[in-house]
Amino acid sequence: MTDAKGSFMTAEISGVWDKIESMINDFIVLLPNMILAFLVFGIFFFVGRSIKRAVRRLTRNHRQSRNLGLVLGRLAQGITVLVGLFIALSIVIPTFRAGDLVQLLGISGVAIGFAFRDILQNFLAGILILLTEPFQIDDQIVFKNFEGTVESIETRATTIRTYDGRRIVIPNAELFTNSVMVNTAFDKRRMEYDVGIGYGDDIHRAKQLMMEALHSVDEVLNDPAPDVLLMELAGSTVNIRARWWIAPPRRMDDLRSRDKVLSAIKEKLTANGIDLPFPTQQILFHDQTEETDGDRKRQREGWPAGNREVPKPRSISGSLRQLIEQRSQSDGNGQSPPHHNS
């Protein structure tokens, strides 16, 4: 019984060892193919990276084709790496056919699409952004509450650098389906600012002085020419809008030109006696009573009287003096104010 048991254990060990030996032999047989497949895949991988760099290098100096170069470089790298993978698998597994992998990907594509819907949406939006080029690298854009310079446009997200040195990563699907303001889309950009002068100042003289101030600033372009327009008769000022063009239209140029233009306008107007008033408010004392109701000669409400006589305005001291005189006359005649029964 013991001999039978020992023979059975020996047969089991021998069988396991034969399997291990067979696997080792198979691995030794496949090892040259695996090494060759690894080398082939590595060559294709580095060739793909080289193609991507070459395409980017060729389009680096052409601003209009820079984004297209990114797309073509990435597509070329991906296709090259995929071809290298197919060849490497064919070397390791001689019975492997590319059609089998394509069929497998087709079957699982629907499930992958549902699982990675957002990722695929951002990927497709990134491809469309790179191809249609609504904005480009180094453009300055405004998207919702974010404003800055476009650093990179990837297939998943776009990165912008804000003016205060922060990085914002925005998914491409958001950029593609929402409005984006591109401040540097054109070579020139118009700026504007409203300046309030006093109601007693000469409007034409103020506009002439503002034009002189605009022409004195080097950053202001002569073509298109700057202009000044009367925009509003506000509560305490007459608002005149100054408009000028700058080039290039970047944020730093905007701030620099605005600083010089506003300084020049302020100095020019104040040096020539043009008032830049603070907000003011006029208070009219209502002196209407039942006795004076409707009598424009005895009351002053603040509205125009037309061709009729307009009463002179009263001062507070004059109104108090008149009230004291009326009270004194009333007391002298023996009249007393009426009393109300409680």
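Here goes a summary of the coordinates provided. All of these numbers come straight from a predicted model, not from anything done at the bench. (Residues numbered from 1 in each chain as written. Predicted model: local features only at pLDDT ≥ 70, side-chain atom pairs only at ≥ 80, totals over all residues. Heavy atoms only, no water.)

## Observations regarding the sheet that holds strand S3 (residues 157–162)
(1) Moving on: Pairing is antiparallel across the open sheet formed by 5 strands, whose spatial order is S4-S3-S2-S1-S5. A strand with exactly one partner marks an edge of an open sheet, and here the two such strands are strand S4 (167–171) and strand S5 (181–182). (Pairing = 2+ DSSP bridges. Helix = DSSP H or I, 4+ residues; strand = E, 2+ residues; numbered from the N terminus.)

## Observations concerning the pairing of strand S8 (residues 238–246)
(1) Moving on: Bridge count between strand S6 (residues 189–197) and S8: 9 bridges; the pairing is antiparallel. The residue of S8 that forms the bridge with Glu192 is Arg243.
(2) Moving on: Bridging between strand S7 (residues 227–233) and S8 involves 6 bridges; their strand directions are antiparallel. Within S8, the position partnered with Leu233 by the bridge is Val238.
(3) Moving on: What sits between the antiparallel neighbours S7 and S8 is a turn of 4 residues.

## Some remarks on the pairing of S4
(1) Moving on: Burial along S4 is one-sided: Ile168 and Ile170 are buried, while Arg167, Val169 and Pro171, pointing the other way, are not.
(2) Moving on: Hairpin connection of S3 to S4: 4 residues between the antiparallel strands, including Gly165 at a positive phi of 85 degrees. (Buried < 20%, exposed > 50% of the residue type's maximum accessible area, 1.4 Å probe, protein only.)

## Thoughts on the layout of surface pockets
(1) Moving on: For the second largest pocket, the calculated volume is near 210 Å³.
(2) Moving on: Every residue lining the second largest pocket is counted, 13 residues in all, and those nearest its centre are Tyr193, Asp194, Val195, Gly196 and Leu276.
(3) Moving on: For the lining of the second largest pocket, the elements supplying multiple residues, two or more each, are S6 and helix H7 (251–271).
(4) Moving on: With 4 residues, S6 is the largest single contributor of residues to the lining of the second largest pocket.
(5) Moving on: For the lining of the second largest pocket, the per-class residue count stands at 8 nonpolar, 3 polar and 2 charged. (1 Å grid on protein atoms, 1.4 Å probe; cavity = no way out; pocket = protein on both sides within 12 Å on 5 of 7 lines; lining within 4 Å. Points joined across faces, edges and corners; volume = space filled by probe spheres on them. Nonpolar A, V, L, I, M, F, W, Y, C, P; charged D, E, K, R; others polar.)

## Structural notes on a nonpolar patch on the surface
(1) Moving on: A surface patch of nonpolar side chains, amounting to about 420 Å² of accessible area, comprises Leu72, Leu75, Ile79, Val83 and Ile87.
(2) Moving on: The residue Leu72 is located in helix H2 (residues 66–92) in this model.
(3) Moving on: Classification of Leu72 by relative accessible area gives partly exposed; the value is 44%. (Patch = residues over 30% accessible without salt bridge, like charges linked within 9 Å, V, L, I, M, F, W, Y side chains within 5 Å. Areas by Shrake-Rupley, 256 points an atom, 1.4 Å probe, with all protein chains shown as cover. Salt bridge = Lys/Arg side-chain N within 4 Å of Asp/Glu carboxyl O.)

## A word on the packing of aromatic side chains
Ring pairs (aromatic) are described by centroid distance and by the angle formed between their planes.
(1) Moving on: For the coordinates displayed, the defined rule picks out 1 aromatic pair.
(2) Moving on: Ring geometry for Phe45 versus Phe46: centroids 5.8 Å apart, planes at 80 degrees, classification edge-to-face. (Phe/Tyr/Trp six-rings, centres within 6.5 Å; stacked < 30°, edge-to-face > 60°.)

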